[in-house]
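# Chains, contacts and geometry: an overview
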Amino acid sequence: MRKYRLLVADDEPAPREGLAAFFRNTDCGFEVVGAADGGLQALAMAQEFQPDLLITDIRMPDMDGLELARRCLELPHAPKLLIMSSYDDAIYIKTALRLKAVDYLFKPLDLSELTTVIQQIREQLDRTEEEQRQKDIQREKLNHSIGWLRRHFLQEFVVETYAEDDEVREKLDFLNMKLPSEAKYCVVCVDVDARDMQRESGGQEDGLSLQGLLEDILSVHGAGYVFDYEKNGYVFLMMDDEGDSEGLMDAAEKLCREVIETLSVGGIRATVGLSGLAESRGEIPAAFRLAKENVKARLILGSSRVITDYKTAGSEKVELAAAAKAVKENLVASDCTVLEKAVNQYFDILGRRKEISLLYAIQCVSLLVGETMDILPSLSGKEKEGAVIQQETYD
């Protein structure tokens, strides 16, 4: 039988010792953890031993039983209360009831009545303990599934604009997630090379360990969430609820570089796409789409780089324009060796950048194609034939 802790408080030795002896000699599911001769001593024992039941007299010299009961109810482990007194006083009884005492017994105690009350209290404690056990089981189950629920919510959240309503707030509260509606956000999409993942994990999927690694990186650079999206893809949702837009984007850039560097140490290539700034929670889906589109630029630029859509190219455009002109001039000359050198120089300029916009990359490739295609009609037959062959080769 489960033994509950019992504390007795009475300034009179006879009833105090008699109650203690009764419970020690009776198999009623309680063990005496303390027998105090006053309210102050009883309070100290209650703080130390955390009893499940307090049986106290009302009138004691240093602290009466009702004040003791009030103080014990404020403890983290509040005991059930059983009040006893020699006084049939309506005020005492009403006060005891307000304190939610289980019962009010008169001295001298009737042991049969006491046994019945104690049995009822033990049954109440059994029910309370079983309810708590069931809650603990449910909480453990929820803790096991909370990660999946958060992941599922975020996967939907980044692709669908949610209305700012009570349903969203309730979901966030239930999942214990922080996504303030007016915070600043940015999105980072990571595409991991599947072949590298399989090689490093011996052919076994290693998503859980990679997820943990990415979470560690995020914890260094800012607040937010990271979750998997599609096969071999991960998303960082970074935020700043203090309005520091520049600080958020700087942290995101550092995170992107660390992701690539950390994975490369493990022999894993990754392409990272960074969105621009999302001014509120409602702009997250648009930021996600931009980051995801930027990742696709790996088909043009190759992997193991950061691709972003909010930086300008600056003076690089001048270099590219000059290189494109050189390609055009050598195409007219039909010198394959020199032409190949000019084309390589053009793409070497792009290759110097660790971060490049998908839109910018497409524009640069279009510039080169446009420079070479618009001279085809002006070439002679032989030159035109050679140029077309060369153009197809470089395409």
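So, here is what we can say about the structure in this document. The residue numbers shown here count from 1 along each chain, following its written sequence. Reporting in this predicted model follows two pLDDT cut-offs: at least 70 for local features of residues, and 80 or more for side-chain atom pairs to be given and counted; totals over whole chains, interfaces and linings ignore these cut-offs and use all residues. Excluded from the side-chain calculations are hydrogens and water; all other atoms, namely the structure's heavy atoms, are used.

Note on classification: 1.4 Å probe, protein chains only; a residue is buried when its accessible area is under 20% of the maximum for its type, exposed when over 50%, partly exposed between these limits. In this description a helix means any DSSP run of H or I spanning at least four residues, a strand means any run of E spanning at least two, and both kinds are numbered starting from the N terminus. Within helix α2 (residues 39-49), burial applies to G39, A42, L43, M45 and A46. The arc that holds the buried residues of α2, viewed along the axis, is 165°, so those residues lie on one side. In α2, the exposed positions that point more than 90 degrees away from the buried face belong to Q47 and E48. We call two residues contacting when some pair of their heavy atoms lies within 4.5 Å. Taken together, the buried residues of α2 touch β1 (4-9), β2 (30-36) and α3 (65-73). It is the directions from the helix axis to the C-beta atoms that the arc portrays.

Now for the sheet that holds strand β9 (residues 270-274). In sheet architecture, strand pairing relies on hydrogen bonds along the backbone and comes in two forms, parallel and antiparallel. Spatially, β7-β8-β6-β9-β10 is the arrangement adopted by the five strands of the open sheet, whose pairing is mixed. Each edge of the open sheet carries a strand with a single partner, namely β7 (223-228) and β10 (306-308). Each neighbouring strand pair of the sheet contributes to a mean axis angle of 20°, computed without reference to strand direction. Looking at chain direction, β9 and β10 are connected through three bridges and run parallel. Within β10, the residue paired with L274 across the bridge is T308. An axis is simply a line fitted to the C-alpha atoms; with a helix, the fit covers only the stretch in contact. Between two such axes, the angle follows the N-to-C directions and lies from 0 to 180 degrees. Here helix α9 (residues 245-265) sits on the sheet and contacts β6 (184-192), β8 (233-240), β9 and β10; the angle it forms with β6, its principal contact strand, is near 15°. In this analysis, strands are considered paired if DSSP registers two or more bridges between them.

A few words on unusual backbone geometry. Note the cis peptide between K107 and P108, where omega equals -10°. Residue placement: P108 occurs in the loop between β5 (103-106) and α5 (111-157). Phi at N232 is positive, roughly 65°, even though this residue is not glycine. Positionally, N232 belongs in the loop between β7 and β8.

Aromatic rings from Phe, Tyr and Trp, taking only the six-membered ring of Trp, are treated as a pair when their centres fall within 6.5 Å; an angle between ring planes under 30 degrees marks them as stacked, one over 60 as edge-to-face, and anything in between as tilted. For the coordinates displayed, the defined rule picks out six aromatic pairs. Summarising the aromatic geometry, the rings of Y104 and F106 are spaced 5.4 Å apart at their centres and angled 70° between planes, so their arrangement reads as edge-to-face. The class for Y104 is buried, based on a relative accessible area of 10%. Overall, the relative accessible area of 37% leaves F106 in the partly exposed class. The interplanar angle of 35° and the centroid separation of 5.4 Å between the aromatic rings of F153 and F157 together place this pair among those described as tilted. Taken together, the positions of F153 and F157, both in helix α5 and four residues apart, correspond to about one turn of that helix. The exposure classification of F153 matches that of F157, with both residues buried. Every member of this aromatic cluster is reached through a ring pair, and the members are Y4, F22, F23 and F30.

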